[in-house]
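Spelled out, the chains give:
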Amino acid sequence: MTTTGLLVRRYLTETARNPVTVSMLVVVPVVFVAVAARKVADAAELLGGRGGVEVETVTAAWAAAFISAIAMYFQVRSARATDRRLVLAGLAPVRLVAARLVTGLALAVTATAAALVTLAARTGIDVPGRTVAGTLMFAVIYLGIGALIGALVPGPVNGTVLVFFVWILDVFLGPAFGSADRIVTRVLPTHFPTLWMMDLPSRHGGRVGDLGWALVWTAAALAVSWTVVAATSRAARPRHQAGQLATVLRMGLREAGRNRVLWVLLAVVPTVFILLAAVTTPEEYQSMPLPENGRQVVVRFWFPDAHPGFMAPVAIASLAALVGLFTVLQARSGDQRLVLAGLRTRSLLTARLSVVALGALIATAASLAVTAALFDARQWGLYFLANLLMGLTYGLVGVLIGSFVGRVGGVFIAFLVPFLDLGIEQSPMLNTEVSGLGTALPGYGASRVLYDAALTASFDETGPLLIALVWLAGLTLAAALLFRRAVRTTAA
């Protein structure tokens, strides 16, 4: 076996040792395609896109692309020190780079296969060659994006938020959700692959054509991946560990405060997300049944004015879940050592949850500052409370995800669950009434309070508010129990 082949086998064996990560490469695309494809297609049609089976087909490519980018991001970030030592020991850099890229491609192919198999079982594949090739191009393009962000952004929270930021702009500004002729969207990574997969000629591909430009993007992504992995194998940066209630809390907040990129992302990502909702909303009236002064009424509202207010909680919940996820993952080994050194578990837990709550509060404040310029809630105090409840709830959901799932699958779940819950199941755009699944999800209670506060002048959602508070208390208890178990396992 060649050196490159041996390295690939070792890298894949290392990945396979984490069964959760491996399973997420399959489970996450399967769930996204099986659960969200139809709703995403409906949303695309509602927002002026083509909709239908073509968009459902592209959801397989979107799922494969995101999970490929996250997998490659962590390939680049986690391997810096190891790869440097291998090169210093005499390994030819070209062999190392080739092995890393082949490993990344193997993970991307796994996610692609899972998404395509699910798509075939769900709706069938009318044009297999075009669908398979297009999905692979999406995955390879996002391998390059994941590698580039992995080289430039050291913090996993910052990096994964940036991956999500690029992905969400690519999806919602792309031709599946709007016109294929907008000039500004032609620079998006999967603009041409999307057009080619949907068999929607752009008429601006020139002599190269849509397929030609899609292949150019794919080749460029491979070149970027190669360059980035080669560059990062020559450098490694040490990681610093942060570390009784006031002391741990102060140190934890100080460490978080140094992460200026995170706070910028917590502000910028909701801003762009909400502005995007405002720009892409069709001009029409919609109606929603709500309780008002003890009776059920149908509230009619101008959709472009209300849509930013409805999308704010999706951004808040996703970012809060990500903060919760990495608060657990980054501090796990350090927390175990602190407990072994005699620090009280209660103090440590309080400090970690305080950082999560702070992240949720900042994301909420930033989102509502933008929302206030575009949307006028009928009850602003209650509207703020509902959004903050969603942020705190999904911050704790992120903590639980981090206790069970690795980084690659955890990041996707941290985005997927709020999207399915708040963006789809609770959405008044896509559902005339909340389904049974929707009422069982964490965002049900807070979302009912939010819609009541947004569109009516009186508070009539006491029951849902209590449901939201029960979810918050239950998730806090679950997070505390899992945290104690995690730190005591090593201590024992």
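Residues numbered from 1 in each chain as written. Predicted model: local features only at pLDDT ≥ 70, side-chain atom pairs only at ≥ 80, totals over all residues. Heavy atoms only, no water.

## Describing the packing of aromatic side chains
One pass over the structure, following the stated rule, counts 19 aromatic pairs. The interplanar angle of 65° and the centroid separation of 4.9 Å between the aromatic rings of Phe66 and Phe412 together place this pair among those described as edge-to-face. For the pair Phe66 and Phe412, one class covers both residues: buried. Ring centres of Phe375 and Tyr383 lie 5.6 Å apart, and the angle between their planes is 50°; on these two criteria the pair is classed as tilted. Neither Phe375 nor Tyr383 differs from the other in exposure class; each is buried. The ring of Tyr285 has Arg300 lying over it, and the distance from NZ or CZ to the ring centre is 4.1 Å. (Phe/Tyr/Trp six-rings, centres within 6.5 Å; stacked < 30°, edge-to-face > 60°. Buried < 20%, exposed > 50% of the residue type's maximum accessible area, 1.4 Å probe, protein only. Lys NZ or Arg CZ within 6 Å of the ring centre and 35° of its normal.)

## Considering the nonpolar core
Ranked by size, the top nonpolar core spans 124 residues in total, and within it Trp62, Phe66, Trp167, Phe177, Leu322, Tyr383 and Val411 carry the most contacts. Built from parts of two domains, this core gets at least three residues from each of domain 1 (3–235) and domain 2 (262–489). Sequence-distant contacts of Trp62, defined by excluding residues within four places in its chain, comprise Val40, Val55, Phe138, Trp167, Val171, Ala176 and Phe177. Listed in part, the 12 residues of the second largest apolar core include Met72, Leu101, Ala139 and Ala230. (Core = buried A, V, L, I, M, F, W, Y, C linked by side-chain atoms within 4.5 Å. Domains from an automatic or database assignment. Contact = heavy atoms within 4.5 Å.)

## Overview of helix α9 (residues 209–232)
With 24 residues, α9 extends 35 Å between its outermost C-alpha atoms, agreeing within 8% with the 34 Å of an ideal straight helix rising 1.5 Å per residue. Along α9, the residues classified as buried are Gly209, Asp210, Gly212, Ala214, Thr218, Ala221, Ser225, Val228, Val229, Ala230 and Thr232. (Helix = DSSP H or I, 4+ residues; strand = E, 2+ residues; numbered from the N terminus. Expected span 1.5 Å × (residues − 1).)

## Considerations on empty space enclosed by the protein
Quantified by volume, the largest cavity comes out at close to 230 Å³. Around the largest cavity, the lining is made up of 18 residues, and of these Leu47, Phe172, His307, Met311 and Met429 lie nearest the centre. Residue composition of the lining of the largest cavity, by class: 14 nonpolar, 3 polar and 1 charged. A domain split of the lining of the largest cavity shows at least three residues from each of domain 1 (3–235) and domain 2 (262–489). (1 Å grid on protein atoms, 1.4 Å probe; cavity = no way out; pocket = protein on both sides within 12 Å on 5 of 7 lines; lining within 4 Å. Points joined across faces, edges and corners; volume = space filled by probe spheres on them. Nonpolar A, V, L, I, M, F, W, Y, C, P; charged D, E, K, R; others polar.)

## Observations regarding the environment of Leu215
Relative to the elements of secondary structure, Leu215 occurs in helix α9. Placed 22 residues apart in sequence, Leu215 and Pro193 show a C-alpha to C-alpha distance of 8.2 Å.

## Focus: the packing of helix α13 (residues 345–374) against helix α14 (residues 380–404)
The interhelical angle for the contact between α13 and α14, taken along N-to-C directions, is 140°, at an axis separation of 9 Å. Put simply, α13 runs oblique to α14. Regarding α13 and α14, the two cross each other, and that crossing is right-handed. Counting all contacts with α13, which are made through Leu353, Val356, Ala357, Ala360, Leu361, Thr364, Leu368, Thr371 and Ala372, the residues of α14 involved are Trp380, Tyr383, Phe384, Asn387, Leu388, Gly391, Leu392, Gly395, Leu396 and Val399. Tallied by class, the residues present in the contact of α13 with α14 amount to 14 nonpolar, 5 polar and no charged. (Axes fitted to C-alpha atoms, helices over the stretch in contact; angles between N-to-C directions. Parallel < 35°, antiparallel > 145°, perpendicular 65-115°, else oblique. Left-handed = near helix turned anticlockwise from the far one by under 90°.)

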